[in-house]
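# Descriptive analysis of the structure
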Amino acid sequence: MRRTHSCGDLRVSGAGSRALLMGWVHRRRDLGGVIFIHLRDRDGVTQIVFHADGEAKVHEKAELLRAEYVVAVEGTVRKRSPETINANIPTGEVELVAEKLWILNESRTPPFPMEETVDVSEDARLKYRYVDLRRPRMQRNIMLRSQVSFATREFLYSQGFLEIETPFLTRSTPEGARDYLVPSRNQQGCFYALPQSPQLFKQLLMVSGFEKYFQIVRCFRDEDLRADRQPEFTQIDIEMSFPQQVTVFEAIEPLLQRICAVAGYQIEIPFQRLTYAEAMRRYGVDKPDLRLPPFCPVEDLFPNAGLTAEGLPLVAIRIPKTGALTRKERDELKAYGAERGLRVYDDVKRLERDYPEQLAAVRERTGASEDDLLLIAGWPGAPKGQRPDENVYMACGQLRLFAGQKYNDRHKLLNPKDFRFLWVVDFPMFEWDEEENRWNAAHHPFTSVHDEDLEKLTTDPAHCRAKSYDVVLNGVELGSGSIRIHRRDVQSKVFEALGFSEEEARRRFGFLLEGLEYGAPPHGGIALGLDRLVMILAGENSIREVIPFPKTARGTDLMCDAPSAVPERQLRELGISLRKK
RNA sequence: GGGGACGUAGUUCAGUUGGUUAGAACGCCGGCCUGUCACGUCGGAGGUCGCGGGUUCGAGCCCCGUCGUCCCCGCCA
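Attention here is on the structure that accompanies the text. Everything numeric here is computed off the predicted structure, so don't read it as measured data.

### Overview of the environment of Arg-330
Position of Arg-330 among the secondary structure elements: in helix α8 (residues 327-339). Considered as a pair, Arg-330 and Val-344 are 14 residues apart in the sequence and their alpha carbons are 9.4 Å apart. Beyond its immediate chain neighbours, meaning those up to four positions away, Arg-330 contacts Leu-325, Asp-346 and Asp-347.

So this is what it looks like as structure tokens:
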């Protein structure tokens, strides 16, 4: 017994020939004297017919079939008569007239239907994930993911990249996210850490002279979850020797173009580029969604009007084609802004009475037409912080996105198939840590600084720009990278700016620092979030929809019930005793 | 750690001001049915109203606690 075709294969051209199909009973229609089943495998669905006045024994056996039974059917492919053609399935012009039937396995009644017409709760789906994965949506998503992985490998190989693995059992480094720890049995009291990313290893592979590295690799971060964050997630990790920033861009853009093509979308390269400073000033975020228009500074048009604090921005936000808002809607926007310290002038008509010329200028500057929503927002109260302008812009950026998403039904600009890629460059080198009262690396401590800012490293860290970059798609941070520091003396200066002593730095990252002393080439790279990329290409709103076996928001696995307690014996072997609560 | 939404049949949901035996659709089981394709039709089974406590003559509904799922803030170099 050997499968000859898939359930998506058969066409009229095969009529009259024999075929043996294997798959799952998708649906059974028992009309008494004739039984139809839709047989499903991953390629499609084919109708099987069992006639009582044909192979009577086979028909009798077919009465036993139920949803999701696994069967093999052998028979003759028959062209359907015109009035019985099913235009909804690709194989709908033929059917298989069953002559033999094997029930390979029975199935309990599935906990929820295979149809997509019913939205099943996520807990049920996660508990019976193997069933959920059989449904068309997940089949599509996981197949897309596989295609994206393959396209990535194919493309990067063709460009001379080598796929190289790095350890999962590695050393905990104190910076960054919380580590997942793995206790060592041989060295009791010591722990491995699962990598937050292979960052240090890939840099050392450059020291080793491999020049072009990539890896599709799992990363682990023990932080709280979100719709786009899982404790384990997958990166397309890339590193190159002797690159300039633009070298990395020129490697990544065609890769993303190729990946999008696999998903059926044409995208233009090169991508738009924005500096971090521009992104903040025009969108109020470092990952702008370009499907909505940027906002405009208008403080120069209203000198001494008191609409915002002296020296702070006044921002005009345009949301296209929103039409008139109700009083309630305007109040909502106002309140949203107020929660972030903003004064939102939601009723532009009222401002227009006092400042007719200025408003005309605002309209011209923003390009606002009659049915666009125009909000003007300022911050009359003086904010605190390192970058007060940025605080205003950030609040406006949130307001822009809030309004844009709220009224998406009207302007329809947030089309999930409209892919707007963007590079954000020149991130600040450091950010101020309020709690610890010191500077932190904005990207990571091995990121190099712009040559012209090198001297400011210790004197003016706030204004040092890093050679780091993010690739952003529709408001989602897809990937992040940098040109690394390859010289030990520069690395020392950065540590100095971060307030690490040489000794402390050596304790934390000694193996990397030592590596840099043995002929490290200039190098840099990027890591792309594969889950997020596939999520967007699949049109999903959560990366759980593109991960076969994801965790819940609390980090548990509802299917296998992890994490779980372990027997005392296992703990003893590891030298671990649990503290009583 | 904080805020919000939700939890009723296998699934998706309804359940009025706290009132008598908790409903619907789909699914499931059985009968009938030879051209269906979300087959049709007749009948039937199926409930720890997440869990615990409280208020009350009486709780799916009100109160307190707790568990779980989702979203957001913090966090994620």
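### Re the sheet that holds strand β13 (residues 315-319)
One open sheet holds the four strands; their spatial order is β12-β13-β15-β14, and the pairing between them is antiparallel. Unpaired on one side and paired on the other, β12 (296-297) and β14 (343-345) mark the two borders of the sheet. Note: β13 against strand β15 (residues 373-378), five bridges, orientation antiparallel. Its bridge partner lying in β15, Ile-317 is registered against Leu-375. Against the sheet, helix α11 (residues 388-406) makes contact with β13, β14 and β15, and its axis sits at roughly 15° relative to β13, the strand it touches most.

### Some details on the pattern of salt bridges
In total, this model carries 47 salt bridges according to the counting rule given. Where Arg-27 meets Glu-115, a salt bridge forms, and the shortest distance between an N and an O atom there is 2.9 Å. You can see Arg-27 sitting in strand β1 (residues 18-30) and its partner Glu-115 sitting in the loop between β5 (94-105) and α2 (122-127), a full 88 residues away along the chain. A residue is classified by how much of its surface remains accessible, and Arg-27, at 40% relative accessible area, is partly exposed. Arg-465 is the salt-bridge partner of Asp-453, the closest N and O atoms lying 3.0 Å from each other.

### Concerning the packing of aromatic side chains
Across all of its chains, the model carries 18 aromatic pairs by this definition. Judged by centre distance (5.8 Å) and plane angle (90°), the rings of Tyr-157 and Phe-214 are edge-to-face. With Tyr-157 in helix α4 (residues 136-158) and Phe-214 in strand β9 (residues 212-220), the pair connects residues that are 57 residues apart, well separated along the chain. Here Phe-214 falls in the buried class, since its relative accessible area comes to 0%. With a centroid separation of 5.0 Å and an interplanar angle of 90°, the aromatic rings of Phe-446 and Phe-509 are classed as edge-to-face. Of the two residues, Phe-446 sits in the loop between β18 (438-441) and α13 (456-459) while Phe-509 sits in helix α15 (residues 502-516), which places them 63 residues apart along the sequence. For Phe-446, a relative accessible area of 4% puts it in the buried group.

### Some details on the packing of helix α5 (residues 199-207) against α15
Running from N to C, α5 and α15 cross one another at 20°; their axes reach a closest spacing of 9 Å. Taken together, the axis directions place α5 and α15 in an arrangement best described as roughly parallel. The handedness of the crossing between α5 and α15 comes out as left-handed. The residues of α15 that touch α5, namely those facing Leu-200, Gln-203, Leu-204 and Val-207, are Phe-509, Phe-511, Leu-512 and Gly-515. For the contact of α5 with α15, a count of residues per class yields six nonpolar, two polar and no charged.

### So, helix α6 (residues 245-262)
When the terminal C-alpha atoms of α6 are compared, their 26 Å separation across 18 residues agrees well with the 26 Å that a helix rising 1.5 Å per residue should span. Within α6, the full set of buried residues consists of Gln-245, Val-248, Phe-249, Ala-251, Ile-252, Glu-253, Leu-255, Leu-256, Ile-259 and Cys-260. Just downstream of α6 lies Gly-264, where phi reads positive at about 95°.

### Topic: the sheet that holds strand β2 (residues 34-41)
Strand order in the closed barrel formed by five strands is β1-β2-β3-β5-β4, and the pairing between neighbours is mixed. Shown here is a sheet whose adjacent strand axes are inclined to one another by a mean of 55°, direction ignored.

### A look at the pairing of β15
Within β15, six of the six residues are buried, which leaves it mostly tucked inside the rest of the structure. The side-chain alternation of β15 yields two buried faces, one formed by Leu-373, Leu-375 and Ala-377 and the other by Leu-374, Ile-376 and Gly-378. Sheet topology note: the β14/β15 ladder contains three bridges and is antiparallel. Counted as the bridge partner of Arg-343 is Gly-378 from β15.

### A look at the environment of Leu-373
As for its placement among the helices and strands, Leu-373 is situated in strand β15. What makes Leu-373 buried here is its relative accessible area of 7%. Sequence-wise, Leu-373 and Leu-422 are 49 residues apart; in three dimensions their C-alpha atoms are separated by 25 Å. Beyond its immediate chain neighbours, meaning those up to four positions away, Leu-373 contacts Ile-317, Arg-318, Ile-319, Thr-322, Leu-325, Leu-333 and Tyr-407.

### Some words on the protein's contact with RNA strand B
Near RNA strand B you find 50 residues, and of these Arg-27, Asp-30, Thr-84, Glu-95 and His-443 are the closest. Between a base oxygen of RNA strand B and a side-chain N or O atom of Asp-53, the distance comes to 2.8 Å. One of the backbone N or O atoms of Gly-176 is found 3.1 Å from a sugar or linking oxygen in RNA strand B. For the surface near RNA strand B, the secondary structure elements donating two or more residues are β1, β2, β3 (44-51) and α2. For the surface near RNA strand B, the residue count by class is 14 nonpolar, 17 polar and 19 charged.

Procedures and definitions
Every chain's residues receive numbers from 1 upward, in the order its sequence appears when written. Each chain is given a letter, starting from A, and each ligand a number, starting from 1, according to the order in which they appear as written. Only residues with pLDDT of at least 70 get local features here, since the model is predicted, and only at 80 or more are side-chain atom pairs given and counted; chain-wide, interface and lining totals rely on the full set of residues. Each side-chain value is worked out from all heavy atoms of the structure, with water and hydrogens disregarded. Only DSSP runs of H or I with at least four residues qualify as helices, and only runs of E with at least two residues qualify as strands; both kinds are numbered from the N terminus onward. Whether two residues touch is decided by their heavy atoms; if any such pair falls within 4.5 Å, the residues are in contact. Whether two strands pair comes down to DSSP finding at least two bridges between them. With axes taken as lines fitted to C-alpha atoms, and helix axes fitted only over the stretch in contact, angles between N-to-C directions fall between 0 and 180 degrees. Criterion for a salt bridge: a side-chain nitrogen of Lys or Arg within 4 Å of a carboxyl oxygen of Asp or Glu. Only protein chains enter the calculation, and the probe is 1.4 Å; a residue is then buried if its accessible area is under 20% of its type maximum, exposed if over 50%, and partly exposed in between. Classification of ring pairs rests on two measures: the distance between centres of Phe, Tyr or Trp rings, Trp counted by its six-membered ring, which must be within 6.5 Å, and the angle between planes, read as stacked under 30 degrees, edge-to-face over 60 and tilted in between. If an angle is under 35 degrees, it is roughly parallel; if it is over 145, roughly antiparallel; if it lies from 65 to 115, roughly perpendicular; otherwise it is oblique. By convention, the crossing between two helices is left-handed when the near helix turns anticlockwise from the far helix through less than a right angle, and right-handed when the turn is clockwise. Gly is put with the polar residues, along with every residue not named as nonpolar or charged; the nonpolar set is Ala, Val, Leu, Ile, Met, Phe, Trp, Tyr, Cys and Pro, and the charged set is Asp, Glu, Lys and Arg. By this rule the span expected of a helix is its residue count minus one, scaled by 1.5 Å. Here a residue is near a molecule or strand as soon as one of its heavy atoms is found within 4 Å of it. Under the rule applied, a polar contact is a pair of N or O atoms within 3.5 Å (in protein, one hydrogen donor and one hydrogen acceptor; residues adjacent in sequence only if both atoms are side-chain atoms).

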